[in-house]
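Tertiary structure, described
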Amino acid sequence: MTVESSAARKPRRSAAGKTGTAGTGRSTRSTVKQGTEPELVQLLTPEGKRVKNAEFDAYVAGITPDELRGLYRDMVLTRRFDAEATALQRQGELGLWASLLGQEAAQIGSGRATREDDYVFPTYREHGVAWCRGVDPTNLLGMFRGVNNGGWDPNGNNFHLYTIVIGSQTLHATGYAMGVAKDGADSAVIAYFGDGASSQGDVAESFTFSAVYNAPVVFFCQNNQWAISEPTEKQTRVPLYQRAQGYGFPGVRVDGNDVLACLAVTRWALERARNGEGPTLVEAFTYRMGAHTTSDDPTRYRHDDERVAWEAKDPILRLRAYLESSNHADEGFFAELESESEALGKRVREAVRAMPDPDRFAIFENVYADGHALVDEERAQFAAYQASFADAQGGN
Ligand SMILES: Cc1ncc(C[n+]2csc(CCOP(=O)(O)OP(=O)(O)O)c2C)c(N)n1
Ligand SMILES: [Mg+2]
């Protein structure tokens, strides 16, 4: 099969001065001895200590204190926004909310690795990535309030609408990436999905197509250990990142609670895509600290000590520890961020409450481009139903 895509694209050297790892290498990560944990790329320990990594240090070598504080700010504000959305659901202002609590580093690290011209395909939990792409957080809430079908223009920030059909966006991303390659652009595409989604046929098909067509796509799997009530052990017999090997592209497991490692690994994977080296699977090993959504009660299926163990690996606390120990941030910075968080919470609350109710008949629009007799019939039935309330009120 001819791989037109890679031929059309210009190889580019990385800013870090090294080219990506070609082919299906990374044999050191490809096998797991029985009883041992697979290697995890980590640059910041849970205690906030910076550790060296021969392969990935280069990708964050030039990071400035200002940028480190920026990553911290991103994570804090994203968590604050998420907490506000959860509270708004509890107050009846939203119908549902899918919290990202615990996954801030995976999302901010990978999101900040993307370039403006890259294209992002999220699931329904990528509030941190949306933040990095410049989508106003209040726009994420319309769908969860039930007042619109999305809330932002996907082409405004190259951030696709949230996708609820598990795994389907990996196919959209693959097709989009194949198109990018045909255009001869050196942009990359990144598709987010979960550990549970990895069991979907769509994801397997995406891996096959992207590998064979050498598509410039990064598959970013947030393994948050749970797919609603199903643990990852029910999804796979091998660590998820190893799936890539069977398709012929590299897979890496990164500490998903380490924002620096996520930034470095995603930069590397995106660079591979830009260099015409094809897809990469990144498995961000993290934890869903909260419920699956506000409709879920995790105490029914998991022990609290598991969550407590992961709290010790909190992504925000470890970066704070590093910022403090390296004198990259002072009390003033943290205090200012606290007020900024409060202001964001207030802005989100006010924006949600001010969202106008949609036109009740809008649901019948955009079903068919040219209309349909059945939709017309349903619209008429609904109109009659609505009118019956007016009669009832009139009779009282
Ligand atoms: C095709 C499809 N099947 C089932 C569902 C119901 N569903 C919603 S979320 C979910 C679990 C997804 O788990 P995972 O991929 O690990 O993502 P997470 O929610 O943990 O971020 C399921 C099964 C769905 N939305 N789409
Ligand atoms: Mg999951």
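Along each chain, residue indices are assigned from 1 in the same order as the chain's sequence is written. Written order decides the labels, with chains lettered from A and ligands numbered from 1. Totals for whole chains, interfaces and linings use every residue, but because this is a predicted model, local features are given only for residues with pLDDT of at least 70 and side-chain atom pairs only at 80 or more, for both listing and counting.

It is worth spelling out the overall build of the chain at this point. Numbering goes from the N terminus for both helices and strands, where a helix is a DSSP run of H or I of at least four residues and a strand is a run of E of at least two. Assigned secondary structure in the chain consists of 14 helices and 7 strands. Burial is judged by counting other C-beta atoms within 10 Å of a residue's own C-beta: 20 or more means buried, 12 or fewer means exposed, and anything between counts as partly exposed, with every C-beta placed from the backbone. Relative to its full complement of 396 residues, the chain shows a buried share of 42%. Contacts spanning at least 24 positions in sequence make up 78% of the contacts within the chain whose residues lie at least 6 apart. Note on contacts: residues are paired as contacts if their backbone-placed C-beta atoms lie within 7 Å.

Not every one of the 14 residues close to ligand 1 is listed here, only the nearest: Ile166, Gly194, Gly196, Ala197 and Ala227. Three classes are used, and their members are as follows: Ala, Val, Leu, Ile, Met, Phe, Trp, Tyr, Cys and Pro are nonpolar, Asp, Glu, Lys and Arg are charged, and the others, Gly among them, are polar. When grouped by side-chain class, the residues that make up the shell around ligand 1 number 7 nonpolar, 4 polar and 3 charged. We call a residue near a molecule or strand when the C-beta position, derived from backbone atoms, sits within 6 Å of it.

This paragraph deals with the packing of helix α2 (residues 65-90) against helix α3 (residues 104-113). When two helices pack together, their arrangement is given by the angle between the helix axes and by the axis-to-axis distance. Simply put, an axis is a line fit to the C-alpha atoms, just over the touching stretch for a helix, and the angle between two N-to-C directions goes from 0 to 180 degrees. Interhelical geometry of α2 versus α3 gives an angle of 130° and a closest axis separation of 10 Å. When the axes of α2 and α3 are compared, the pair comes out oblique. When you trace α2 past α3, the crossing you get is right-handed. Residue-level inspection shows Leu71, Asp74, Met75, Thr78 and Arg79 of α2 in contact with α3, the latter providing Glu104, Ala105, Ile108 and Arg112. Roughly parallel refers to an angle under 35 degrees, roughly antiparallel to one over 145, roughly perpendicular to one between 65 and 115, and oblique to any angle outside these ranges. Whether a crossing is left-handed or right-handed is set by the direction in which the near helix is turned from the far one by less than a right angle, anticlockwise for left-handed and clockwise for right-handed.

So, on to the packing of helix α7 (residues 168-183) against helix α8 (residues 201-212). Packing of α7 against α8 brings their axes to within 7 Å, and their N-to-C directions diverge by 15°. Between α7 and α8, the angle falls in the class roughly parallel. The two elements α7 and α8 cross, and the hand of that crossing is left-handed. Only Asp202, Val203, Glu205, Ser206, Phe209 and Ser210 of α8 make contact with α7, whose side of the interface consists of Ser168, Thr170, Leu171, Thr174 and Ala177. Residues belonging to the contact of α7 with α8 are distributed by class as follows: 4 nonpolar, 5 polar and 2 charged.

This next bit is on the sheet that holds strand β2 (residues 189-194). The criterion for strand pairing is that DSSP finds at least two bridges linking the strands in question. If you trace the 5 strands from one edge of the open sheet to the other, you get β1-β2-β3-β7-β6, paired in parallel fashion. If you trace the sheet from one side to the other, it starts and ends with β1 (119-121) and β6 (251-255), each paired once. Going from strand to strand, the sheet's axes swing by 20° on average, the running direction of each strand aside. As paired strands, β6 and strand β7 (residues 280-285) are joined by 5 bridges and run parallel to one another. Each bridged residue has a counterpart across the sheet, and for valine 254 the counterpart in β7 is alanine 284. Running at roughly 170° to β2, α7 makes contact with β1, β2 and β3 (217-223) of the sheet.

Think of a nonpolar core as buried Ala, Val, Leu, Ile, Met, Phe, Trp, Tyr and Cys residues, each tied to the set through C-beta atoms within 7 Å. With 86 residues, the main nonpolar core has Val189, Ala191, Val218, Ala261, Ala264, Val265 and Val282 as its most contacted residues. Considering every element that reaches this core, the biggest residue donor is helix α10 (residues 259-274), with 11 residues.

We now examine the confidence of the model for the chain. Scored by pLDDT, the chain has a mean of 91; 89% of the residues are at 70 or more. When the criterion is pLDDT under 50, residues 1-35 qualifies, and its contacts beyond four places in sequence or with other chains add up to 57 contacts. Confidence of the predictor in every single residue is expressed as pLDDT, which spans 0 to 100.

Here we take up helix α12 (residues 315-325). Three or more residues of α12 are buried, namely Pro315, Arg318, Leu319, Tyr322 and Leu323. Buried residues of α12, viewed axially, fall in a sector of 135°; they line one side. The first or second residue beyond α12 is asparagine 327, which carries a positive phi of 55°. Starting at the helix axis, one direction is taken to each C-beta atom, and the arc is that of these directions.

Our next topic: α2. Its 26 residues give α2 an end-to-end C-alpha distance of 38 Å, which sits within 8% of 38 Å, the value for a rise of 1.5 Å per residue. Two residues or fewer after α2 comes glycine 92, characterised by a positive phi angle close to 85°. Here the expected length of a helix is defined as 1.5 Å per residue gap, with one fewer gap than residues.

Before going further, it helps to spend a moment on the environment of glycine 134. Relative to the helices and strands, glycine 134 is located in the loop between α4 (127-133) and α5 (142-145). A sequence separation of 24 residues divides glycine 134 from asparagine 158, and the C-alpha atoms of the two residues are 9.7 Å apart.

A few words on the pairing of β2. Two faces belong to every sheet, and in a regular strand the side chains alternate between them. In terms of burial, β2 is a largely internal element, 6 of the 6 residues being buried. Residues of β2 alternate between two faces, with Val189, Ala191 and Phe193 on one and Ile190, Tyr192 and Gly194 on the opposite face, all of them buried. Alignment of β1 against β2, held across 3 bridges, turns out to be parallel. If you follow phenylalanine 121 over to β2, its bridge partner there is alanine 191. Across 6 bridges, β2 lies against β3 in parallel orientation. Note on β3: the bridge partner recorded for tyrosine 192 is phenylalanine 220.

We now examine the pairing of β6. Among the 5 residues of β6, 5 are classified as buried, and the element is accordingly described as predominantly covered. Residues of β6 alternate between two faces, with Gly251, Arg253 and Asp255 on one and Val252 and Val254 on the opposite face, all of them buried.

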